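Per-entry structural report
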Amino acid sequence: MKILIIDDNDIDRRLLKGILEQSWKNYEIMEAESGSKGLEMIALKAPDLVILDIYMSPLNGFDVLKEIREKQFSFIPVLLVSSFAGDRDKIEGLELGAVDFINKPIVAEDVKARVAVQLKIKKMLDDMQWASEKTNQGIRALYKELEKKNKESEEMVRRLDELTLTDPLTGALNRRGLQRALSREVAWVNRYGTSLIAILLDLDNFKQINDTHGLSAGDAILKEVVKNLRNTLRPVDYVARIGGDEFIILLAQTRLGDGFGVAEKIRYTISETQCILNDIEVRATASLGLAQVTEECSSVEELVRKCQYVLKRSKTLGKNRVSYSEIQDDVKDGLLEGVLYTMSLGQSYRVVKQPIFHLTERTIAGYEFLTRLNVSMFEMPEDFFHISRANNMLTLVDRHCLHHCAQAGQKLPCGLRKHLNIYPTTVMETPIKDILKEFPLQGLEDFCLELSENLITTDLSLLLKPVQIMKERGIRIAIDDVGFGKSCLESLVILEPDIVKIDKKINIGIAKDNGRQRSLDRLLKVVRSLNAQVIVEGIESEDDLMVIRSMGVELGQGFLLGHPA
């Protein structure tokens with residue numbers, strides 16, 4: 001039998017060849033240093049298996065895979081190889097006819113297991129073809145055997161992934177699994193400019209728990225902590241155990257201020273975690289260090305170093321708390337206090353507005369008003385809201401922002417939409433009459449209050465009454481950031497918003513991503529069934545605009561249409 005390796009990286013190609021020659025000495029292992037050379041060898045040699053790197057130039061792996069299938073080589077199984085194979089790459093590869101993936105850095109056991117599975121399946125398929133020339137009865141029997149073997153191979157691959165990527169005690173990622181996740185998310189940060197937050201979590205006095213109650217108690221606490229972390233986080237986030245009682249949490253596409261809120265929620269959840277062992281209640285607390293991850297952070301070791309000194313601050317200040325980098329470390333003595341005082345007085349704010357467009361006519365329907373702080377280090381909302389939250393000033397600062405935005409909105413002509421943002425907690429903690437004072441007596445139907453879905457973390461019934469009062473007065477209500485990670489239909493069903501704003505995460509690059517198109521289509525069906533209007537955010541290219549408009553969306557925002565100014 002023959003195996004062909006197509007990879008423009010000489011080191012990886014030779015490494016794969018060495019692994020295969022060691023395990024399959026009687027096989028012919030062939031190499032091709034480019035996609036075009038690989039296609040020539042497939043036509044000449046008809047290998048039994050192709051191992052194909054995705055990221056090559058000028059002809060990449062996906063292009064080669066398309067050529068293989070179009071030239072009627074569908075009988076050849078193809079294994080794709082990549083350092084950054086995320087879900088999107090895997091879906092595209094499978095749709096083009098790939099059978100499995102090998103991740104870089106290359107691990108010999110991983111390669112052997114996956115190649116063995118595909119060679120076994122290939123041999124079965126060859127046998128099945130021979131048997132088909134005999135009798136239909138023989139074919140049915142082989143199909144049953146193939147199905148059984150496929151299930152066995154899938155289980156073998158699943159177990160292999162668990163062994164190589166996860167911690168056997170807790171089921172969280174191990175260091176190798178975290179490295180893979182980190183590489184994927186940092187590549188996403190570098191490509192799209194999104195924000196990635198890391199949290200280093202260390203259980204307080206864990207040695208004392210082990211010494212007092214035994215190692216079994218410590219193991220039970222660790223498993224319960226991971227279980228509760230998964231219940232707290234979104235499906236797109238990661239949990240990894242990197243030491244005895246140390247964990248790293250990666251929050252994908254999360255701003256620093258939102259990450260701090262998640263870290264506080266984690267800290268509280270762990271403090272409420274309990275295990276009953278031998279009729280004794282065992283509890284734990286945790287100290288957390290929060291840091292923003294940049295594209296330069298490429299290894300787990302760098303990530304841990306970045307968070308360690310922040311975590312040390314939490315330990316020094318008394319444990320069971322969250323500390324964070326960036327703002328705390330960069331602010332000079334006295335500056336933070338001055339900024340907080342200025343914000344508390346409602347000073348140093350300015351308002352910018354981003355246009356909302358009728359997509360068909362390409363005309364302005366209205367504006368979304370956004371606040372900026374006239375302090376260089378804290379200009380953006382994610383920065384000044386972050387320090388506001390950390391210093392128990394979030395509602396006060398949010399009300400100042402609402403006031404300034406409402407004043408700016410009143411200067412626009414009647415008939416234009418005026419969208420203002422407000423935290424759900426501000427709506428719950430502020431008397432509704434005080435919120436209504438910010439709006440004019442006439443023209444309330446032009447105003448819309450936007451509540452971010454990913455910030456609705458409490459009982460929705462507490463929001464329902466103030467939202468209903470505002471709607472009765474004529475103010476429209478929008479749920480913002482729908483589709484940002486862990487969307488929940490509950491907020492749409494209970495609050496019955498007039499408008500749903502679909503997050504840019506779904507829409508950026510939608511013209512080239514069938515998966516995103518399907519996600520948007522499903523969301524649109526849900527929203528329209530609730531009789532709510534749709535505004536799509538994140539329109540940044542003409543191609544994306546054409547696709548979104550073709551799906552019947554009438555209103556949108558994005559840098560293609562206009563920046564905040």
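All values reported here derive from a predicted model rather than from experimental measurement.

**Points about the overall build of the protein**
- Looking only at helices and strands, the protein features 22 helices and 20 strands.
- Considering only C-alpha atoms, the protein reaches an extent of 85 × 70 × 45 Å along its principal axes.
- Buried positions account for 50% of the 565 residues belonging to the protein.
- Side chains of the protein give 75 positive and 84 negative charges; the mean places of these two sets differ by 2 Å.

**Describing the environment of M41**
- Turning to its location among the elements, M41 is positioned in helix 2 (residues 35-45).
- Classification of M41 by relative accessible area gives buried; the value is 14%.
- Along the backbone, M41 and I6 are 35 residues apart, and their C-alpha atoms lie at a distance of 9.8 Å.

**What about the pairing of strand 8 (residues 246-251)?**
- Most of strand 8 is tucked away: five of the six residues are buried.
- As defined by bridge partners, strand 6 (residues 196-203) adjoins strand 8 across six bridges and the pair is classed as antiparallel. Bridge pairing links L201 to F247 in strand 8.
- Where strand 7 (residues 238-241) folds back onto strand 8 in an antiparallel hairpin, the turn is made up of four residues.

**Thoughts on the nonpolar core**
- Judged by nonpolar contacts, the single largest core of 47 residues is most densely connected at L420 and L449.
- Leave out the neighbours within four places in its chain, and L449 touches L402, L420, I422, I435, F439, M470, I475, R476, I477 and A478.
- Core analysis: the next-biggest nonpolar cluster, separate from the first, contains 31 residues, L229, L233, I270 and Y324 among them.

**Considering the pattern of salt bridges**
- Counted according to the given criterion, the structure contains 27 salt bridges.
- Residues R114 and D100 are paired through a salt bridge, measuring 3.2 Å at the closest nitrogen-oxygen approach. Of this pair, R114 sits in helix 5 (residues 108-132) while D100 sits in strand 5 (residues 100-103), and the two are 14 residues apart along the sequence.
- Among the residues examined, R114 registers a relative accessible area of 3% and is labelled buried.
- Residues K207 and D211 are paired through a salt bridge, measuring 2.8 Å at the closest nitrogen-oxygen approach. Here the residue K207 and the residue D211 both occupy positions in helix 8 (residues 206-213), the gap between them amounting to four residues, near one helical turn.
- By relative accessible area, K207 is classed as exposed at 60%.

**Considering the sheet that holds strand 6**
- Read across the open sheet, the five strands follow the order 7-8-6-11-12; overall the sheet is mixed. Every interior strand has two partners, whereas the edge strands, strand 7 and strand 12 (322-324), have only one. Taken over all neighbouring pairs, the strand axes of this sheet differ in orientation by 20° on average, direction set aside.
- Pairing geometry for strand 7 and strand 8, over four bridges, is antiparallel. Across the sheet, residue V239 finds its bridge partner in strand 8, namely I249.
- Helix 10 (residues 256-271) rests against strand 6, strand 8, strand 11 (286-293) and strand 12 of the sheet, and its axis sits at about 160° to strand 11.

**Digging into the confidence of the model for the protein**
- This prediction gives the protein a mean pLDDT of 85; 90% of its residues lie at or above 70.
- Note that pLDDT drops below 50 for residues 326-334; the model gives that stretch 15 contacts with residues more than four away or on any other chain.

**Describing the side chain of D7**
- Tracing the backbone shows D7 in the loop between strand 1 (2-6) and helix 1 (10-23).
- A polar atom in the side chain of D7 sits 2.9 Å from the backbone nitrogen of N9.
- D7 has contacts with D12, R13, A32, E33, D53, M56 and K104, leaving out every residue within four places of it along the chain.

**Some remarks on helix 15 (residues 394-409)**
- Compared with an ideal rise of 1.5 Å per residue, which puts 16 residues at 22 Å, helix 15 spans 22 Å between its outermost C-alpha atoms and is within 8% of the ideal.
- Of the positions making up helix 15, those classed as buried are L394, T395, V397, D398, H400, C401, L402, C405, A406, A408 and G409.

**Side note on unusual backbone geometry**
- Look at the link from S57 to P58: it is a cis peptide, with omega at 0°.
- Locating P58 in the fold gives a position in the loop between strand 3 (49-53) and helix 3 (61-70).
- The step from K104 to P105 runs through a cis peptide bond, and the omega angle for that step is 5°.
- Position of P105 among the secondary structure elements: in the loop between strand 5 and helix 5.
- A positive phi angle, near 55°, is found at N205, a position not held by glycine.
- Within the secondary structure, N205 is located in the loop between strand 6 and helix 8.
- Of note in the backbone geometry, K319 takes a positive phi value of approximately 70° without being a glycine.
- Looking at the element boundaries, K319 is found in the loop between helix 11 (300-316) and strand 12.

**What about the packing of helix 9 (residues 215-232) against helix 10?**
- Where helix 9 meets helix 10, the closest approach of the two axes is 10 Å, and the angle between their N-to-C directions is 140°. By the angle class used here, helix 9 and helix 10 are oblique. The handedness of the crossing between helix 9 and helix 10 is right-handed. Residues V225, N228, L229 and T232 of helix 9 form the contact with helix 10, whose participating residues are K265, I266, T269 and I270.
- Here the contact of helix 9 with helix 10 is composed, by residue class, of four nonpolar, three polar and one charged.

**Describing the sheet that holds strand 2 (residues 28-32)**
- The strand order across the open sheet built from five strands is 2-1-3-4-5, with neighbouring strands paired in parallel fashion. The outermost strands of the open sheet, each flanked by one partner alone, are strand 2 and strand 5. Adjacent strand axes in the sheet meet at a mean angle of 20°, parallel and antiparallel pairs treated alike.
- Here strand 1 pairs with strand 2 via five bridges, running parallel. Bridging across to strand 2, K2 finds its partner in E28.

Rules behind the numbers
- Residues numbered from 1 in each chain as written.
- Predicted model: local features only at pLDDT ≥ 70, side-chain atom pairs only at ≥ 80, totals over all residues.
- Heavy atoms only, no water.
- Helix = DSSP H or I, 4+ residues; strand = E, 2+ residues; numbered from the N terminus.
- Buried < 20%, exposed > 50% of the residue type's maximum accessible area, 1.4 Å probe, protein only.
- Lys, Arg positive; Asp, Glu negative; His and termini not counted.
- Charge placed at Lys NZ, Arg CZ, Asp CG, Glu CD.
- Pairing = 2+ DSSP bridges.
- Core = buried A, V, L, I, M, F, W, Y, C linked by side-chain atoms within 4.5 Å.
- Contact = heavy atoms within 4.5 Å.
- Salt bridge = Lys/Arg side-chain N within 4 Å of Asp/Glu carboxyl O.
- Axes fitted to C-alpha atoms, helices over the stretch in contact; angles between N-to-C directions.
- pLDDT = per-residue confidence, 0-100.
- Polar contact = N/O pair within 3.5 Å; in protein donor to acceptor, adjacent residues only side chain to side chain.
- Expected span 1.5 Å × (residues − 1).
- Parallel < 35°, antiparallel > 145°, perpendicular 65-115°, else oblique.
- Left-handed = near helix turned anticlockwise from the far one by under 90°.
- Nonpolar A, V, L, I, M, F, W, Y, C, P; charged D, E, K, R; others polar.

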